[in-house]
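Remarks on the overall topology
So the chains spell out like this:
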Amino acid sequence: MHAAPSTGRYTRLLGSLEEAKPLDAAVKAAEPLASRLMAQPNVRSLVRGDTTGIPLHTILTDAPFGAWWSAVFLDFFDDQASRRSAQRLVALGVITAVPTALSGWATWSGKDRGLKRVGIVHAAANAAATLVYLASWRARSRGNHRLGVRLARAGAVLLLVSGFLGAHLSSGRHASRHGVIHG
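Thresholds applied
- Residues numbered from 1 in each chain as written.
- Predicted model: local features only at pLDDT ≥ 70, side-chain atom pairs only at ≥ 80, totals over all residues.
- Heavy atoms only, no water.
- Helix = DSSP H or I, 4+ residues; strand = E, 2+ residues; numbered from the N terminus.
- Areas by Shrake-Rupley, 256 points an atom, 1.4 Å probe, with all protein chains shown as cover.
- Lys, Arg positive; Asp, Glu negative; His and termini not counted.
- Charge placed at Lys NZ, Arg CZ, Asp CG, Glu CD.
- Contact = heavy atoms within 4.5 Å.

This part covers the overall build of the protein. Within the protein, the regular secondary structure consists of 8 helices and 0 strands. Taken from N to C terminus, the helices and strands of the protein fall in the order α-α-α-α-α-α-α-α. Taken along the three principal axes of its C-alpha coordinates, the protein extends 60 × 50 × 30 Å. Approximately 10800 Å² of the protein is accessible, and the part contributed by carbon and sulfur atoms is 63%. Counting 22 positive and 10 negative side-chain charges, the protein places the averaged centre of each group 5 Å from the other.

As structure tokens, this is what we get:
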């Protein structure tokens, strides 16, 4: 006889987010903008990745994510060139976060209610990370490198949270179905 697979904390958390009705107010507020982003057939085709087979958001996430993680890596070195490069990478991440977010909202518009709830939390974590990295850039540009490094490390934690949620969204699977949550 085989035992039923146990559900991990992460899966239970995802299932709880999928079923979190208090997030519905935020979903309802975001739906009109997201729907407008996908109203044009050419935009919808580009965002969905009809030509490439890869949704645009999946491609664009590499820019801010890569820039910010590279800056965190460079922060391990204390020379002036590494500091300057890290500051530039932080700025690049902030700038590229904007089109990445727009493509994410557009993709989000095609999800069902449960995944939209997870998407709201994913977007909030990304927004928080972007603001933290913006503060990191500002601290660095004002000569407070240590504060900039600490902020970038905090932003990296938010990126990890957001990345896990984003991977769940892109999988299209539901943690709250098939007895995963309610066994």
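Additional details are given in the paragraphs that follow.
Following the sequence through the fold, L169 ends up in helix α8 (residues 145-171). Sequence separation between L169 and W108 is 61 residues; the distance between their C-alpha atoms is 8.5 Å. What L169 contacts, discounting residues up to four positions off in sequence, is K111, L115, V118, G119 and H122.

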